[in-house]
Number of protein chains: 2
Amino acid sequence: MNDTGSRSWRVAVVGATGLVGKEILSVLAERQFPAGELRALASEESAGDTVAFGERQLRVDALGDDSLQGVDVAFFAAGRELSAARARDAARGGARVIDLTGCFADDPDVPLVVPEVNGDLLGPGGAAGHPRIVSAAVGSLAALAAVLKPIDDAATVRAVTCSTYEPVSGIGRIGVSELSAQTMKLLNGVSPDPEEFPHQIAFNAFPEVGTIGPDGISSAEREVATGLRRVLGLPDLRVFATAVRVPIFFGLAIAVTVEIERPLSVATAQAALRTAPGLLLAEGEDGTYVPLLDAVGTDAVHVGRVRVDPESPTTLGIWVVIDCVRRGAAVNAVAIAERMLRSAE
Amino acid sequence: MNDTGSRSWRVAVVGATGLVGKEILSVLAERQFPAGELRALASEESAGDTVAFGERQLRVDALGDDSLQGVDVAFFAAGRELSAARARDAARGGARVIDLTGCFADDPDVPLVVPEVNGDLLGPGGAAGHPRIVSAAVGSLAALAAVLKPIDDAATVRAVTCSTYEPVSGIGRIGVSELSAQTMKLLNGVSPDPEEFPHQIAFNAFPEVGTIGPDGISSAEREVATGLRRVLGLPDLRVFATAVRVPIFFGLAIAVTVEIERPLSVATAQAALRTAPGLLLAEGEDGTYVPLLDAVGTDAVHVGRVRVDPESPTTLGIWVVIDCVRRGAAVNAVAIAERMLRSAE
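Predicted model, so just to flag it, every value in this text is computed and none were measured.

Analysis parameters
- Residues numbered from 1 in each chain as written.
- Chains lettered and ligands numbered in written order.
- Predicted model: local features only at pLDDT ≥ 70, side-chain atom pairs only at ≥ 80, totals over all residues.
- Heavy atoms only, no water.
- Helix = DSSP H or I, 4+ residues; strand = E, 2+ residues; numbered from the N terminus.
- Buried < 20%, exposed > 50% of the residue type's maximum accessible area, 1.4 Å probe, protein only.
- Contact = heavy atoms within 4.5 Å.
- Lys, Arg positive; Asp, Glu negative; His and termini not counted.
- Charge placed at Lys NZ, Arg CZ, Asp CG, Glu CD.
- Least-squares fit on C-alpha atoms with pLDDT ≥ 70 in both.
- Polar contact = N/O pair within 3.5 Å; in protein donor to acceptor, adjacent residues only side chain to side chain.
- Buried area = accessible area lost by both parts, 1.4 Å probe.
- Salt bridge = Lys/Arg side-chain N within 4 Å of Asp/Glu carboxyl O.
- Core = buried A, V, L, I, M, F, W, Y, C linked by side-chain atoms within 4.5 Å.
- Axes fitted to C-alpha atoms, helices over the stretch in contact; angles between N-to-C directions.
- Parallel < 35°, antiparallel > 145°, perpendicular 65-115°, else oblique.
- Left-handed = near helix turned anticlockwise from the far one by under 90°.
- Nonpolar A, V, L, I, M, F, W, Y, C, P; charged D, E, K, R; others polar.
- Pairing = 2+ DSSP bridges.
- Expected span 1.5 Å × (residues − 1).
- Arc of directions from axis to C-beta.

A. Spotlight on the overall build of chain A. Helix and strand counts for chain A stand at eight helices and 14 strands. Across the 345 residues that make up chain A, the buried fraction comes to 59%. The contacts of chain A with a sequence gap of at least 6 include a subset with a gap of at least 24, amounting to 68%. Here chain A contributes 30 positively and 44 negatively charged side chains, and the mean placements of these two sets differ by 4 Å.

Set out below in structure tokens:
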């Protein structure tokens, strides 16, 4: 369900044939988003294809100069270059833009939003006013922010160290195809060449997600560090991330270690996580957790294996898993749109 | 090559048909270990099988009460229960025992050894004297100790946070078979049931390696923490590990974050790692690393992606990969045997 008032809106999804674009359409349909008109836009090659919107099939149009005219809400999920080229024009033309590509993550004039954490920036009385463009935090950042907020409220977070287990769907359908094809080849005794990733990804793992900069930090790692400081409003927070690609399709996992100011018992930390919005705490015996695959298809940020270092009562460990495409991208983006529209009637 | 003097020795490999046992035989052959006699021992079911020792084929015998009589050196690589039941008897019977199962990792009377780091405990004048049993550190611990030693020498290590990417071979051949079989089934549209692991491992990841204790820490995580303190001789070192099983066959990777006392530049840290025994530094452009698969079949602990947190000059990140079975187990164990024998002529 949603709470965007009684009006209906003209909505566009740019990149509608991609993994994330399709998932946005699913989430819009499931949440009965009041889309009076819905434009599914993609590149020339996909024009004429159809994509599902609930029970209906939508015809895909090629994104042209006039495609976004008259649109109230535009989701950009077609890659950074396209967002850089078109998102500001769309906003100037009157659309509220939700960008999912990270293109504006470092722009101080564009709010970087994780709905459960700093969604109040948007909407009536929000500190961001009525922004025309909002940057939706990427999956790992969105999950980490949602997990760290209640811990920070309970015990003040001083530093975060994390390692990711990132799926091939992080680069879209081409990543999914590459892992399938390579796995199939290897099981048939054929050695595959990498095409979309820097190395073979089947039965492999490597610490290169995005581009590694001259300081040795990858763009994925930098986005998590600078993004957490922004979203949590903690400019001095120490964050050190290692982003690693693993041979997994849709789930994303993060091993998080948090240094807190005041000691927390496991039970108190679990209590803080249990009541936080958007999280689902794995309950059961000690050490219970959700394996990465079980998060796929769900809307929650799953947390488990909450534990305190026996030698250091201010060191907390948490295992975090989400569906990278659905929860990490589409659900967040639609929730942001709902908040933007709530104040726009 | 080796340096165990001119004598020849009677050697036994207990668990000779397992992944680790077979690899020990390979390494003994490659290093021309002076084995005058070599007994390949395994359970009843494997008796009569053959295993390779260089160009030769050895007949496998069932491990019986007299199998270790007269043996000078016995490698135990057949599981903790068997080590617990038989290793002390073998030592009392005159054998030098190298245990690879972790059975004695917490026993203060049994040296826990990573040859490059604290191998001097053994052999002439070593602090451990002439121990009859030595515990060979498991793969992740051996790799971490070898990497942290030169960093500690250069800048004093205060705390270590690490996450592992652990292969299915960590539980032996049954793990390798399970990943192959599950992958094949999934590619044929059949949903596999987990048998040897707590969850499906194909295209999955979960933070459960060994057994999770009542404090929420897994046995693999505890072994790394207590083992690093012992091997590095730093009883107050803070170590927080997350051990995660991933769908990979033989390589083991570790994302390591080290808090050091004195700031190090990337170049200085690299210089310390470059000259440390047993390590191989990935050289090249900034951010160079070895993907997990490339470590398979090699004897080195590969280190790369050495980087300093731009916001905190005493936080260092390192990506570490080894062949779990070969380097993480067999090479270490044979190197320990060589050191034990050097002083035993």
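There's plenty left to go through after this.
B. Layout of the relation of the copies chain B and chain A. Placing chain B over chain A gives an RMSD of 0.0 Å and needs a rotation angle of 180 degrees, together with 0.0 Å of translation along the axis. Such a turn and shift between the copies fits a two-fold axis. When the interface residues of chain B are mapped onto chain A, 100% of them again fall at the interface, so both copies present the same face.

C. Geometry of the environment of Asp 89 of chain A. Residues and elements named next belong to chain A. Note that Asp 89 resides in helix α2 (residues 80–92). Residue class for Asp 89 comes out partly exposed when judged on its relative accessible area of 45%. Distance in space between the C-alpha atoms of Asp 89 and Leu 148 is 35 Å, their sequence separation being 59 residues. In terms of polar contacts, Asp 89 uses its side chain to reach the side chain of Arg 92, at 2.9 Å.

D. Structural detail: the interface of chain B and chain A. Taken together, the contact pairs 57 residues of chain B with 57 residues of chain A. When chain B packs against chain A, close to 4600 Å² is buried across both sides, 62% of that on carbon and sulfur atoms. Together, Phe 203, Phe 240 and Arg 307 of chain B form the three largest contributors to the area buried by chain B at its contact with chain A, with a combined 15%. At the junction of chain B and chain A, the tally comes to six salt bridges. Note that Arg 238 of chain A and Glu 259 of chain B form a salt bridge whose closest N and O atoms lie 3.1 Å from each other. For the interface between chain B and chain A, the tally reads 27 residue pairs in polar contact (both at pLDDT 80 or more). At the level of elements, β9 (157–165), α5 (173–187), α6 (219–232), β10 (238–242), β11 (251–260), β13 (301–309) and β14 (312–323) of chain B are the ones that each hand at least two residues to the side of chain B that touches chain A.

E. Examining the nonpolar core more closely. Of all hydrophobic cores here, the largest spans 52 residues; its most connected members are Tyr 165 and Trp 319 of chain A together with Tyr 165 and Trp 319 of chain B. Looking at this core, the elements with two or more residues in it are α5 (173–187), β11 (251–260) and β14 (312–323) of chain A together with α5, β11 and β14 of chain B.

F. Structural context of the environment of Arg 339 of chain A. Residues and elements named next belong to chain A. Tracing the backbone shows Arg 339 in helix α8 (residues 326–342). In sequence terms Arg 339 and Lys 22 are 317 residues apart; their C-alpha atoms lie 21 Å from each other. Those residues in contact with Arg 339 that lie beyond four places of it in its chain are Pro 115, Gly 119, Asp 120, Leu 122 and Gly 123. Within polar-contact distance, the side chain of Arg 339 engages the side chain of Asp 120 at 3.2 Å.

G. View of the packing of α5 of chain A against α5 of chain B. Contact geometry for α5 of chain A and α5 of chain B: axes closest at 11 Å, N-to-C directions at 120 degrees. It follows from the interaxial angle that α5 of chain A and α5 of chain B lie oblique. Seen along the crossing, α5 of chain A lies across α5 of chain B with a hand that is left-handed. Residues Thr 183, Met 184 and Leu 187 of chain A of α5 of chain A form the contact with α5 of chain B, whose participating residues are Thr 183, Met 184 and Leu 187 of chain B. Here the residues of the contact of α5 of chain A with α5 of chain B sort into four nonpolar, two polar and no charged.

H. Focus on the pairing of β14 of chain B. Residue and element names in this part refer to chain B. Taking burial as the measure, the 12 residues of β14 include 11 buried ones, the bulk of the element. When β11 meets β14, the two strands line up antiparallel, connected through nine bridges. Each residue of the ladder has a partner; that of Val 256, found in β14, is Ile 318. Strand direction decides the pairing type here: β13 and β14, joined by six bridges, are antiparallel. Pairing of Asp 309 across the sheet is with Ser 312, part of β14.

I. Just α5 of chain A, in detail. In a regular helix each residue adds 1.5 Å, so 15 residues correspond to 21 Å; α5 of chain A covers 21 Å between its end C-alpha atoms and thus fits that length. Looking at α5 of chain A, one finds that the buried residues are Gly 175, Val 176, Glu 178, Leu 179, Gln 182 and Thr 183 of chain A. Down the axis of α5 of chain A, the buried side of the element spans an arc of 160 degrees, and every buried residue falls inside it. Looking at the buried side of α5 of chain A, the elements it contacts are α1 (19–30) of chain A together with α5 of chain B.

J. Quick peek at the packing of helix α1 (residues 19–30) of chain B against helix α8 (residues 326–342) of chain B. Residue and element names in this part refer to chain B. Two elements in contact, α1 and α8, have axes separated by 9 Å at closest approach and are oriented at 50 degrees. In this view, α1 runs oblique relative to α8, as classed from their interaxial angle. Between α1 and α8 the crossing geometry is right-handed. When α1 is examined against α8, the residues Val 20, Glu 23, Ile 24, Val 27, Leu 28 and Glu 30 are found in contact with a partner set consisting of Arg 326, Ala 329, Ala 330, Val 331 and Val 334.

Any functional reading would require information beyond the geometric quantities listed.
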